[in-house]
Amino acid sequence: MISFSDFYKADEFVFSVEIFPPKTPEGIAKVFDELQQIRELKPAFVSVTYGAMGNTRELTEDLAIAIHKKMDIPTAFHFTCVGAGREEIKKYVQHLAAEGVQLVVALRGDLPKGQNAFDTPADGFCYANELVEYLKSVHPFSMAVAGYPEKHIEAESFADDLLNLKRKVEAGADIVLTQLFYNNDCYYDFVERARKIGITVPIIPGILPIVNLKQVEKITTLCGATLPKDLHQNLINNENDSDAIKKIGEEFALEQCLDLVKHGVPGIHFYSMNKTDTIKRIVTEIKN
Ligand code: FAD
């Protein structure tokens, strides 16, 4: 059985790539082109997101299976607690398992806009730890769960959030993939605090190289990650020059990754937004 934890035993630099499922055949073809570009650098795995509100259910399923079969890259599917009860979940994940996709990023899912409490589906789950426990009972999946170096936006406190992370790991998660961050000290502090309360699994930093100012402002606002003031100002100063924004984003991400590697991280998970050129340059630089 394939397990997320096996990837982090390698001697060389380990990285993985998250993509989202496009809605059109052209978009999907483009994803395969992008993955083809990065494949030679041997990503440990590719993960395929599950749309907010579960609205890419079939797209996620089809794309994860297609990548697994055509690209010969270990593939993970994201799955959330949104909108499905036990029987529906079971059918969905058993199909993926039967097609050979045995890695899952198990999540609760985001709250819809304007809602301040999670709408637990009938006969479904309210928190990711419950989903992890259930998925384990259905099939011996290897699972990753989400961790938040700057605290989950709904959590009462950092300490509570860490205890909730521990529940997910104790329910059976093999690794933690972190929310994106732009301040490495937040990640180092998070790992230290997690270790202190007995979370021992690999905690993989999540990095989103910035390519667009409005996009990163929106994402960081939604997920509660901090954009360092100097970086933000530099992006604002170059707002109308997309090449300059990309260069700033790439240089910042490279510095961030080099520092993470220097600190001995087990690997890096890249949020690709379905573009791999920047990731390819960063990984090449690290590997050299
Ligand atoms: P949980 O771990 O369930 O936590 C949610 C909140 O409840 C937290 O504040 C936590 O502290 C608290 N909590 C947890 N367990 C308990 C408990 N037992 N009792 C009381 N409180 C508890 N979203 C998508 O829709 N699709 C995706 O594909 C997707 N991929 C992601 C990938 C990564 C690596 C990350 C970091 C996030 C991703 N998200 C995705 C976003 C994620 O769904 C949201 O951040 C969501 O708001 C929380 O998900 P979770 O799994 O961390 O939830």
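This text goes with the structure placed above it.
Residues numbered from 1 in each chain as written. Predicted model: local features only at pLDDT ≥ 70, side-chain atom pairs only at ≥ 80, totals over all residues. Heavy atoms only, no water.

An order of 1-2-3-4-5-6-7-8 is seen for the eight strands of this closed barrel, with the pairing classed as parallel. Across the sheet, the mean angle separating the axes of adjacent strands is 30° when strand polarity is ignored. As judged from the three bridges shared by strand 2 (residues 46–48) and strand 3 (residues 75–80), these two strands associate in the parallel manner. Counterpart to Val46 in the pairing with strand 3 is Thr75. Across the sheet, helix 7 (residues 184–196) is in contact with strand 5 (142–147), strand 6 (175–180) and strand 7 (203–207); its angle to strand 7 comes to roughly 160°. (Pairing = 2+ DSSP bridges. Helix = DSSP H or I, 4+ residues; strand = E, 2+ residues; numbered from the N terminus. Axes fitted to C-alpha atoms, helices over the stretch in contact; angles between N-to-C directions. Contact = heavy atoms within 4.5 Å.)

It is worth spelling out the layout of surface pockets at this point. As a volume, the second largest pocket reaches approximately 170 Å³. Every residue lining the second largest pocket is listed: Leu208, Pro209, Val211, Gln215, Lys246, Tyr271, Ser272, Met273, Lys275, Asp277, Thr278 and Ile279. No other element matches helix 11 (residues 277–287), which puts three residues into the lining of the second largest pocket. Among the residues making up the lining of the second largest pocket, the classes are represented as six nonpolar, three polar and three charged. (1 Å grid on protein atoms, 1.4 Å probe; cavity = no way out; pocket = protein on both sides within 12 Å on 5 of 7 lines; lining within 4 Å. Points joined across faces, edges and corners; volume = space filled by probe spheres on them. Nonpolar A, V, L, I, M, F, W, Y, C, P; charged D, E, K, R; others polar.)

Take the pairing of strand 1 (residues 15–19) next. Of all the five residues making up strand 1, five are buried; the element is thus mostly covered by neighbouring parts of the structure. Alternating positions in strand 1 separate into two faces, Phe15, Val17 and Ile19 on one and Ser16 and Glu18 on the other, with burial throughout. When strand 1 meets strand 2, the two strands line up parallel, connected through three bridges. Its bridge partner lying in strand 2, Glu18 is registered against Ser47. (Buried < 20%, exposed > 50% of the residue type's maximum accessible area, 1.4 Å probe, protein only.)

In the neighbourhood of the ligand, 25 residues make up the surrounding shell, with Tyr50, Tyr148, His152, Asp161 and Lys168 lying closest. Within the side chain of Asp161, one N or O atom sits 2.6 Å away from an oxygen atom of the ligand. Secondary structure elements with two or more residues in the shell around the ligand: strand 3, helix 5 (128–138), helix 6 (158–170) and strand 6. Its residues assigned to classes, the shell around the ligand comprises 10 nonpolar, eight polar and seven charged. (Near = heavy atom within 4 Å. Polar contact = N/O pair within 3.5 Å; in protein donor to acceptor, adjacent residues only side chain to side chain.)

Moving on to helix 6. Here helix 6 contains 13 residues, and its C-alpha end-to-end distance of 18 Å stays within 8% of the 18 Å for a straight helix at 1.5 Å per residue. Taken residue by residue, helix 6 has Phe158, Asp161, Leu162, Leu165, Lys168 and Val169 as its buried positions. Considered in projection along helix 6, the buried side chains sweep an arc of 110° and stay on one side of the axis. Against helix 5, strand 5, strand 6 and helix 7 lie the buried residues of helix 6. (Expected span 1.5 Å × (residues − 1). Arc of directions from axis to C-beta.)

Under the criterion given, the structure shown has 16 salt bridges. Across the salt bridge formed by Arg57 and Glu88, the nearest N and O atoms sit 2.7 Å from each other. Here Arg57, found in helix 3 (residues 57–70), pairs with Glu88, found in helix 4 (residues 86–98); they are 31 residues apart in sequence, far enough to count as distant. We classify Arg57 as buried; its relative accessible area is 16%. Taking the shortest distance from any N to any O, the salt bridge between Asp277 and Arg281 comes out at 3.9 Å. Residue Asp277 and its partner Arg281 are located together in helix 11, separated by four residues, close to a single helical turn. Each of Lys246, Glu250, Asp277 and Arg281 takes part in one network of salt bridges that share partners. (Salt bridge = Lys/Arg side-chain N within 4 Å of Asp/Glu carboxyl O.)

Mapped onto the fold, Gln256 is located in helix 10 (residues 242–262). Overall, Gln256 belongs to the buried group, its relative accessible area being 4%. In this structure Gln256 touches Phe181, Tyr182, Asn183, Asn184 and Ile207, once residues within four positions along its chain are discounted.

Turning next to unusual backbone geometry. Although it is not a glycine, Asp72 adopts a positive phi angle of roughly 55°. Under the relative-accessibility criterion, Asp72 is labelled exposed at 69%. Of note, Asp123 is a non-glycine position whose phi angle comes to about 60°, a positive value. Structurally, the position occupied by Asp123 is in the loop between strand 4 (103–107) and helix 5.

Such coordinate-based values are descriptive only and should not be taken to indicate function.
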